[in-house]
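Spelled out from the first residue to the last, the chains are:
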Amino acid sequence: MEVIRRHTDYALRALVYLAARPGLVVSAGEIAASEDIPLEFLLKIFQRFVKSGLVTSHRGAQGGFSLAKDPSGVTVLDVVETMQGKVAMNRCLLGKDGCPHGPRCPLKKSWIAMEEKLAAYMAGITLQDLVREQRSVFKEKS
C-alpha cells in the first residue's frame with residue numbers, strides 16, 4: 001500500500017529544499033538536479049503550490065521559487081492534502097464515492113481512528129522539523 005505517492009514525496013523534498021534556504025529564490029532546475037526530480041514533474045508540482053499559496057513564483061532572469069510561508073507553519077499534512085487530497089485510510093471514508101456497506105461495516109470505526117491518528121501525526125511535523133532533521137543527518141555523515 002502506498003500512502004504517500006511519488007509526486008507527494010517529490011513535493012515534500014522540494015519544499016524542504018526551499019525551507020532550508022529561507023528568503024532565497026531558487027530555480028526549479030537547481031531543485032530538480034539536487035533532489036533528483038524530473039524538471040517537468042517539479043514544475044507541475046510547483047504550479048499546484050503556487051495556486052495553494054505555499055510557494056511564490058518569481059519571473060525573470062533571476063526567477064525561480066521561494067517558500068511563501070514560514071516553514072514552521074507548513075505541515076506534512078498541508079503538503080499531502082495539497083498533493084493528494086484529504087487523507088483517507090480506505091475508500092469507504094471518502095464520502096459519496098464510499099462503500100455501500102459503510103453503515104454496517106465492522107471496520108469503519110477502526111479506519112476512522114487510524115485516519116485521524118495519521119492525520120494528527122502528519123499535522124505535527126513541519127517543514128522546519130524536516131529541515132532540522134536533514135541537517136542533523138548531514139552532520140552525522142560529516
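Placed above this text is the structure.
About the thresholds
Residues numbered from 1 in each chain as written. Predicted model: local features only at pLDDT ≥ 70, side-chain atom pairs only at ≥ 80, totals over all residues. Heavy atoms only, no water. Helix = DSSP H or I, 4+ residues; strand = E, 2+ residues; numbered from the N terminus. Buried < 20%, exposed > 50% of the residue type's maximum accessible area, 1.4 Å probe, protein only. Areas by Shrake-Rupley, 256 points an atom, 1.4 Å probe, with all protein chains shown as cover. Expected span 1.5 Å × (residues − 1). Arc of directions from axis to C-beta. Core = buried A, V, L, I, M, F, W, Y, C linked by side-chain atoms within 4.5 Å. Contact = heavy atoms within 4.5 Å. Salt bridge = Lys/Arg side-chain N within 4 Å of Asp/Glu carboxyl O. Pairing = 2+ DSSP bridges.

The helix and strand tally for the chain stands at six helices and two strands. Walking the chain from its N terminus toward its C terminus, one meets helices and strands in the order α-α-α-β-β-α-α-α. Counting all 142 residues of the chain, 35% fall into the buried class. Total accessible area on the chain stands at roughly 8,900 Å², and carbon and sulfur atoms take up 54% of it.

The terminal C-alpha atoms of helix α5 (residues 108-123) lie 22 Å apart, and with 16 residues this matches the ideal 22 Å at 1.5 Å per residue to within 8%. Those residues of α5 that fall on the buried side of the exposure criterion are Glu115, Ala119 and Met122. Looking down the long axis of α5, one finds its buried residues gathered within 65° of arc, a one-sided arrangement. Facing away from the buried surface of α5 by more than 90 degrees, the exposed residues are Lys109, Glu116, Lys117, Ala120 and Tyr121.

The next point concerns the nonpolar core. Across soluble globular proteins, nonpolar side chains show a tendency to be buried alongside one another. Counting 35 residues, the largest nonpolar core has Leu15, Leu18, Phe46 and Phe49 as its most contacted members. For this core, the secondary-structure elements that each account for two or more residues are α1 (6-19), α2 (28-35), α3 (39-52), β2 (64-67), α4 (76-84), α5 and α6 (127-141). Looking at this core, the element that brings in the most residues is α1, giving nine residues. With sequence-adjacent residues up to four places away left out, Phe49 is seen in contact with Ala11, Leu15, Leu54, Val55, Val79, Thr82 and Met83.

We note that Asp36 has phi near 55°; this positive angle belongs to a residue other than glycine. Along the polypeptide, Asp36 turns up in the loop between α2 and α3. Using a relative accessible area of 65% as the deciding quantity, one classes Asp36 as exposed.

As a further point, take the pattern of salt bridges. All chains considered together, the criterion is met by three salt bridges. The shortest N-O distance in the salt bridge between Lys86 and Glu115 comes to 2.6 Å. Here Lys86 is found in the loop between α4 and α5, whereas its partner Glu115 is found in helix α5, with 29 residues between them in sequence. Residue Asp129 is joined to Arg132 by a salt bridge in which the shortest nitrogen-to-oxygen separation is 3.0 Å. Residue Asp129 and its partner Arg132 are both found in helix α6; the two are separated by three residues, about one turn of the helix.

Moving on to the pairing of β2. The alternating pattern of β2 places Gly64 and Ser66 and Phe65 and Leu67 on opposite faces, both of which are buried. As paired elements, strand β1 (residues 55-58) and β2 share four bridges and run antiparallel to each other. The residue of β2 that forms the bridge with Val55 is Leu67.

Quick look at α3 now. Every α-helix carries 3.6 residues per turn, so stepping three or four residues along brings you back to the same face. Helix length check: α3, at 14 residues, gives a terminal C-alpha distance of 20 Å against a target of 20 Å (1.5 Å per residue), a fit within 8%. Residues Leu42, Ile45, Phe46 and Phe49 constitute the buried set of α3. All buried residues of α3 fall inside an arc of 100° around its axis, so they share one side. Exposed side of α3, more than 90 degrees from the buried face: Glu40, Lys44, Gln47 and Lys51 are the residues found there. Of the surrounding elements, those touching the buried residues of α3 are α1, α2, β1, β2 and α4. One or two positions beyond α3, positive phi appears at Gly53, with a value near 90°.

These results come straight from atomic positions and should not be treated as a statement about function.
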